[in-house]
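What follows is the residue order along each chain.
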Amino acid sequence: MSDKLIRQNVIDELDFEPSIDAAHIGVAVDNGIVTLTGHVRSYAQRTSAEKAVRRVRGVRGVVEEITVRFAGETPPRDEDLAIRAVQMLDWSATVPKNAVQVQVNGGWVTLTGQVEWQYQKEEAYRSIRRLAGVSGIINAIEVTPKASAPHVLSKIEAALKRNAEIEADGIKVTVKDAKVILEGKVNAWYERGLAENAAWSAPGVRAVEDRLTLA
């Protein structure tokens, strides 16, 4: 697929996504690598734009250089944003109470702490992502290991085989010191995300190294 066609499909996908105001987003494509520039009104729109691009067939990678502008509104003080972020975490039924700490600097929110599951780390991120006034998020929360390598491996392999959209036989899974390595080939970019989600679903996984390539 040509870069020109990929670029047009990306533009169409951004325009189609209702959660994004794509009027000020620039798109460039080089050898299947999409670069997004320009600005949006919220961090949520910024991350939604990247997700939209990853859905487009032929996209091999995304470079996201979009900035957040608040449409003339005065951004909240870092102190106020930190208070709201802590409240959002406290209200979450998924994130363990007092497990995550918040630091805010110039609208950028840094999350630290420890949780037992990857989905808890991701939920903490999603809770903050929805806040108005956030310019960016650094998710430095650690996932603490709770399971042995053979147990993690069996859980991931079973999850891959259950997913009808993944050719599980084409993926090799290696587990070492709570780190999962995925190797092999997939048919589309989005399948890499499905395989990564399967890897993160196993208890005790602290890191996933995705070495999967497109067939």
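Refer to the structure presented above.
This structure is a prediction, so every number in the text was calculated from the model and none was measured.

S.K.: In this structure, what is going on with the overall build of the protein chain? I would like to understand it.
M.R.: What the protein chain contains, in helices and strands, is six helices and 12 strands. The globule rule puts the C-alpha radius of gyration for 215 residues at 17 Å, and the 19 Å found for the protein chain is close to it. Oriented by its inertia axes, the alpha-carbon framework of the protein chain measures out at about 55 × 50 × 20 Å. Taken over 215 residues, the protein chain has a buried fraction of 40%. Long-range contacts, defined as pairs at least 24 residues apart, comprise 65% of the intrachain contacts of the protein chain with a sequence gap of at least 6. Accessible surface computed for the protein chain: about 11,900 Å², of which carbon and sulfur atoms make up 48%. Treating the 28 positive side-chain charges of the protein chain as one cloud and the 29 negative ones as another, the clouds have centres 2 Å apart.

S.K.: Is there a simple way to think about the packing of helix α1 (residues 3–16) against helix α2 (residues 43–54) in this case?
M.R.: The relative placement of two packed helices comes down to the angle between their axes together with the axis-to-axis distance. It is the contact of α1 with α2, at a shortest axis distance of 9 Å, that shows an interaxial angle of 130 degrees. Taken together, α1 and α2 sit at an angle that is classed as oblique. The interaxial crossing formed by α1 with α2 has right-handed handedness. Touching V10, E13 and L14 of α1 are A49, A52 and V53, all from α2. Tallied by class, residues from the contact of α1 with α2 come to five nonpolar, no polar and one charged.

S.K.: Explain the side chain of S127 to me, please; I cannot follow it from the model alone.
M.R.: In this fold, S127 is placed in helix α4 (residues 118–129). Look past the residues within four positions of S127 in its chain and what remains in contact with it is M88 and S92.

S.K.: I tried to follow the packing of aromatic side chains on my own but got confused; where do I start?
M.R.: To describe a pair of aromatic rings, one takes the distance between the centres and the angle between the planes. Scanning the entire structure with this criterion turns up two aromatic pairs. Plain terms: the ring middles of Y43 and Y125 are 6.3 Å apart, the flat faces sit at 75 degrees to each other, and that makes the pair edge-to-face. In this pair, Y43 sits in helix α2 while Y125 sits in helix α4, placing the two residues 82 residues apart along the sequence. The partly exposed category is assigned to Y125, whose relative accessible area is 21%. Ring geometry for W117 versus Y119: centroids 5.9 Å apart, planes at 40 degrees, classification tilted. We classify W117 as partly exposed; its relative accessible area is 29%.

S.K.: Any chance you could explain the layout of surface pockets here in plain terms?
M.R.: It is a probe the size of a water molecule, rolled over the atoms, that shows where empty space is left. Size it by volume and the largest pocket reaches roughly 990 Å³. What lines the largest pocket is a set of 24 residues, and nearest its centre among them are K51, R54, E122, E196 and N197. When residues of the lining of the largest pocket are traced back to their parent elements, those giving at least two are α2, α4 and α6 (189–200). Among the elements that take part in the lining of the largest pocket, α6 stands out by supplying eight residues, more than any other. Residues that form the lining of the largest pocket fall into these classes: six nonpolar, five polar and 13 charged.

S.K.: I would appreciate a short explanation of α2 in the present structure.
M.R.: An α-helix turns once per 3.6 residues; consequently, residues spaced three or four apart project the same way. In this model, α2 (12 residues) spans 17 Å end to end at C-alpha, consistent with the 16 Å of a helix rising 1.5 Å per residue. When we look at burial in α2, the residues that qualify are Y43, Q45, R46, T47, S48, A49, A52 and V53.

S.K.: Where do I start with unusual backbone geometry in this structure?
M.R.: Peptide bonds are trans in most cases, and residues, glycine excluded, mostly fall at negative phi. You will see that N31, though not glycine, has its phi angle at about 55 degrees, which is positive. The topology assignment puts N31 in the loop between β1 (25–30) and β2 (33–40).

Calculation rules
Residues numbered from 1 in each chain as written. Predicted model: local features only at pLDDT ≥ 70, side-chain atom pairs only at ≥ 80, totals over all residues. Heavy atoms only, no water. Helix = DSSP H or I, 4+ residues; strand = E, 2+ residues; numbered from the N terminus. Rg over C-alpha atoms; globule rule 2.2 N^0.38 Å. Buried < 20%, exposed > 50% of the residue type's maximum accessible area, 1.4 Å probe, protein only. Contact = heavy atoms within 4.5 Å. Areas by Shrake-Rupley, 256 points an atom, 1.4 Å probe, with all protein chains shown as cover. Lys, Arg positive; Asp, Glu negative; His and termini not counted. Charge placed at Lys NZ, Arg CZ, Asp CG, Glu CD. Axes fitted to C-alpha atoms, helices over the stretch in contact; angles between N-to-C directions. Parallel < 35°, antiparallel > 145°, perpendicular 65-115°, else oblique. Left-handed = near helix turned anticlockwise from the far one by under 90°. Nonpolar A, V, L, I, M, F, W, Y, C, P; charged D, E, K, R; others polar. Phe/Tyr/Trp six-rings, centres within 6.5 Å; stacked < 30°, edge-to-face > 60°. 1 Å grid on protein atoms, 1.4 Å probe; cavity = no way out; pocket = protein on both sides within 12 Å on 5 of 7 lines; lining within 4 Å. Points joined across faces, edges and corners; volume = space filled by probe spheres on them. Expected span 1.5 Å × (residues − 1).

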